[in-house]
Amino acid sequence: MGTDGSDDSHDGDGDGVGQSEVSDETTDQATLSSESTTAEREADSASTVQAASDDSQSIEEMLLEFDQQEGLIRDRSLLDPNHIVEEDRIVGRDEQLQEVTKMLRVALGDNRPPNLFLYGPSGTGKSLITKAVCKNISTICESRDIRFGTIEVNCQDLDTLGVAVYELASRAADVAGVDVEVPKHGVATKEKWDELYRIVNENFDSAVFVLDELDMLVGRRDKQEPAFSRLLYQLSRAGANNDLTAHISVVAISNDTKMMESVGSRALSSFTPEDVHFDDYDANQLQAILRRRRDAFYDDVLDDDVIPLAAAFAAQTHGDARKAIDLVRVAGELAEREGDERVREEHVREAQDKVEKNRVLEVVRGISTQKKLCLYATAAVAAETDDESARSTTGYRVYQFLTDAIDADQYHQETYVNKMKELTTYSLVDFERRSHGPSSGMFLEFQFGERPETILETLREDSRIDMVSAEEVTSVVTAQVRNQT
Ligand SMILES: Nc1ncnc2c1ncn2[C@@H]1O[C@H](COP(=O)(O)OP(=O)(O)OP(=O)(O)O)[C@@H](O)[C@H]1O
């Protein structure tokens, strides 16, 4: 404040001095004006104008050039993973589409639709199918004067039950076009629940709550029951005991097939969902999905091998349609940026590298150093085995080497395994329980959703991990892998 004030007064003084200088200068110039000085000034100003127009011309030229350079992508929304595509672009999900439609159609009448649990790997159409069905219900409800709302939240970044309930209230308010009347912070969760009930009851006859990535809502560690379980309990009970007078249905979506095992018995008895399973897509299905969006590009700009290659790359990891679509989009953008007239195979290969790195980055950005060490050790083992898998026992020894090398705390093997298991929720790594004969005991075998080398490269961006020499890690890993056979 003090500094600002003195600066202001200083500026004021300065302006005064400046003004008198300007007027003096003007007078002087008028008095001293001569043909030569005028000519000089004109020459000066002409050159300034010339320089400016040179600049603007070159920018203009560049703009025109970019403008004339035809883009390759005609409709970017078809390559946006959050865009709900029209029904005729949904491929290979007839069974799920039919099941979800059959169950949620109840919302059209005067009854409560059942709750649903949609599960399956990432990018297999769970959100798309739910949104497409809800969109159709909404259109029909509008024509029948039924106030229907789809209240959708992604639970990935919601850390507590209170935050989740506020988010639901806020989404419901958005859909209804009203305001939330409780503050986000500093009020009890009960007040947030009441606000959610008020908004829903006052604005909707029927509503579907879509809880995407619900398993990520774990809440505080000190609570016995995970936050997602408490949320399911409360929401489904509110429907039964008339806190919510609107007919509501809860659609829980998760990548974790075992999520329902962590739902407490209390929640389970009131939630009781109908299960709908979503499988991985194979390369042919992914090709069909991509072909149905081919018109995202101008005619004849996609080389014939672009779609099959993108589909093959996406099928290699875990049959994720989001990845297939991302690959084609990024390949198109790379081709556009390089001023190429066509999208070619090499653009897809370049895109594969970029998309993989981004996905790994997204996951590792938010995890603790300890989890990074566990992941690094395991990926380092997978990078050195023929089938790119890593045994937990071997991974743990490499983890021990890493923690010693950087002088970090060292967990027991059980905790290392648990940390790795937690990472499976991101679909970056998966595991199976294995045993090599009765004498060798049990171990977990980890498989990665992306190339282990990409994971290692990305984790090396963490300066603590980069302190350890990569060659040294490789020699420790090689010795350990040799020992395991
Ligand atoms: N059967 C399909 N037909 C056409 N497009 C699809 C299909 N399945 C998925 N997609 C597209 O793939 C992308 C990812 O799909 P979606 O978000 O529905 O997956 P998800 O199973 O909900 O994944 P996550 O669990 O990661 O949220 C979206 O752009 C969606 O439009």
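Since this is a predicted model, take the numbers as computed values, not measurements. Every chain begins its residue count from 1, and numbering advances along the sequence as written. Given that this is a predicted model, residues contribute local features only at a pLDDT of at least 70 and side-chain atom pairs are listed and counted only at 80 or more, while totals for whole chains, interfaces and linings are drawn from all residues.

1. Some words on the overall build of the chain
Point 1. For the purposes of this entry, the term helix denotes a DSSP run of H or I that reaches at least four residues, the term strand denotes a run of E that reaches at least two, and both are numbered from the N terminus. Counting its regular elements, the chain contains 18 helices and 8 strands.
Point 2. Labels follow a simple rule on C-beta atoms placed from the backbone: if 20 or more others lie within 10 Å of a residue's own, it is buried; if 12 or fewer, it is exposed; otherwise it is partly exposed. Of all 485 residues assigned to the chain, the portion counted as buried reaches 38%.
Point 3. Here, residues touch in the contact sense if the C-beta positions derived from the backbone fall within 7 Å of one another. Sequence separation of 24 or more characterises 74% of the internal contacts of the chain that already satisfy a separation of 6 or more.

2. Quick notes on the UniProt feature "binding site: ATP" (unreviewed entry) in the chain
Point 1. With numbering aligned to this structure, UniProt lists the feature "binding site: ATP" (unreviewed entry) at Thr124, Gly125, Lys126, Ser127, Leu128, Tyr281 and Arg293.
Point 2. Inspection of the secondary structure puts Lys126 in helix α4 (residues 126–143).
Point 3. When residues no more than four places from it in sequence are discounted, the contact partners of Lys126 are Leu118, Gly120, Ile253 and Phe278.
Point 4. With respect to the secondary-structure elements, Tyr281 resides in the loop between β5 (274–277) and α9 (283–291). UniProt positions are given in the numbering used here, feature names are shortened, and annotations may be inferred rather than shown by experiment.

3. Observations concerning the nonpolar core
Point 1. Defined on buried residues, the nonpolar core groups Ala, Val, Leu, Ile, Met, Phe, Trp, Tyr and Cys residues joined through C-beta atoms within 7 Å. Residues Ala164, Phe209, Leu211, Leu232 and Val251 are the most contacted members of the largest nonpolar core, which totals 57 residues.
Point 2. Take this core: its biggest share by element is 8 residues, from helix α5 (residues 161–176).
Point 3. Setting aside chain neighbours within four positions, we find Leu211 in contact with Val153, Cys155, Val250, Val251, Ala252 and Ile253.

4. Considering the environment of Glu60
Point 1. Relative to the elements of secondary structure, Glu60 occurs in helix α2 (residues 35–68).
Point 2. The class of Glu60 is exposed, set by 11 C-beta atoms lying within 10 Å.
Point 3. Considered as a pair, Glu60 and Gln234 are 174 residues apart in the sequence and their alpha carbons are 60 Å apart.

5. As for the site of the ligand
Point 1. Taken together, 21 residues surround the ligand, and among them Ser122, Gly125, Ser127, Leu128 and Ala321 come closest.
Point 2. Listed by contribution, the elements that provide at least two residues to the shell around the ligand are α4 and α11 (321–337).
Point 3. Mapped onto the domain boundaries, the shell around the ligand takes at least three residues apiece from domain 1 (87–277) and domain 2 (281–362). We call a residue near a molecule or strand when its C-beta atom, built from the backbone, sits within 6 Å of it. Boundaries of every domain are those given by an automatic assignment or by a domain database.

6. Considering the domain arrangement of the chain
Point 1. The domain architecture assigned to the chain consists of domain 1 (87–277), domain 2 (281–362) and domain 3 (366–484).
Point 2. Distance between the C-alpha centres of domain 1 and domain 3: 37 Å.

7. Comments concerning the sheet that holds strand β2 (residues 148–154)
Point 1. One open sheet holds the 5 strands; their spatial order is β2-β3-β4-β1-β5, and the pairing between them is parallel. This sheet does not close on itself; its edge strands, each paired only once, are β2 and β5. Along the sheet, successive strands turn relative to each other by an average axial angle of 15°, direction set aside.
Point 2. For two strands to be treated as a pair, DSSP must find no fewer than two bridges joining them. Pairing geometry for strand β1 (residues 116–119) and β5, over 4 bridges, is parallel. When the sheet's bridge partners are listed, Leu118 is paired in β5 with Val276. Every angle, taken between N-to-C directions, lies between 0 and 180 degrees, and every axis is a line fitted to C-alpha atoms, over only the stretch in contact when it is a helix.

8. Regarding the confidence of the model for the chain
Point 1. The quantity called pLDDT is the predictor's confidence in a given residue, expressed from 0 to 100. Averaged over all residues, the pLDDT of the chain is 83; the fraction at 70 or higher stands at 84%.
Point 2. Here residues 1–53 scores under 50 on pLDDT; set against residues more than four positions off or in separate chains, the count is 2 contacts.
Point 3. The ipTM, which scores confidence in the relative placement of chains, is 0.98 for this predicted complex, and the corresponding pTM is 0.73.

9. Structural notes on the sheet that holds strand β8 (residues 442–448)
Point 1. Read across the open sheet, the 3 strands follow the order β6-β8-β7; overall the sheet is antiparallel. Only two strands of the sheet have a single neighbouring strand rather than two, namely β6 (389–391) and β7 (429–435). Across this sheet, the average inter-strand angle for adjacent strands is 25°, counted without regard to direction.
Point 2. Here β7 runs beside β8; their pairing, made up of 7 bridges, is antiparallel. Across the sheet, residue Arg433 finds its bridge partner in β8, namely Leu444.
Point 3. Strands β6 and β8 of the sheet are contacted by helix α14 (residues 392–406), whose axis makes an angle of about 80° with β6.

10. Re the packing of helix α13 (residues 369–383) against helix α15 (residues 413–422)
Point 1. Two numbers describe how α13 lies on α15: the axes approach to 9 Å, and their chain directions differ by 90°. By the angle between their directions, the pair α13 and α15 is classed as roughly perpendicular. Contact with α13, carried on its side by Gln370, Lys371, Cys374 and Thr378, involves Tyr416, Lys419 and Met420 of α15 and no other residues of that element.
Point 2. The residue inventory of the contact of α13 with α15, partitioned by class, reads 3 nonpolar, 2 polar and 2 charged. Small angles under 35 degrees read as roughly parallel and large ones over 145 as roughly antiparallel, with 65 to 115 read as roughly perpendicular and the rest as oblique. Charged residues are taken to be Asp, Glu, Lys and Arg, nonpolar residues to be Ala, Val, Leu, Ile, Met, Phe, Trp, Tyr, Cys and Pro, and polar residues to be all remaining types, Gly included.

11. Observations regarding helix α10 (residues 306–317)
Point 1. Multiplying 1.5 Å by the helix residue count minus one yields the expected span of that helix. Relative to the 16 Å expected for 12 residues at 1.5 Å per residue, α10 spans 17 Å between its end C-alpha atoms, a close match to the ideal helical length.
Point 2. With respect to burial, α10 is a largely interior element, 9 of its 12 residues being buried.
Point 3. For α10, the complete set of buried residues consists of Val306, Ile307, Leu309, Ala310, Ala311, Phe313, Ala314, Ala315 and Thr317.
Point 4. Looking at the buried side of α10, the elements it contacts are α9, α11 and α12 (345–365).
Point 5. One or two residues past the end of α10 sits Gly319, with phi positive at roughly 60°.

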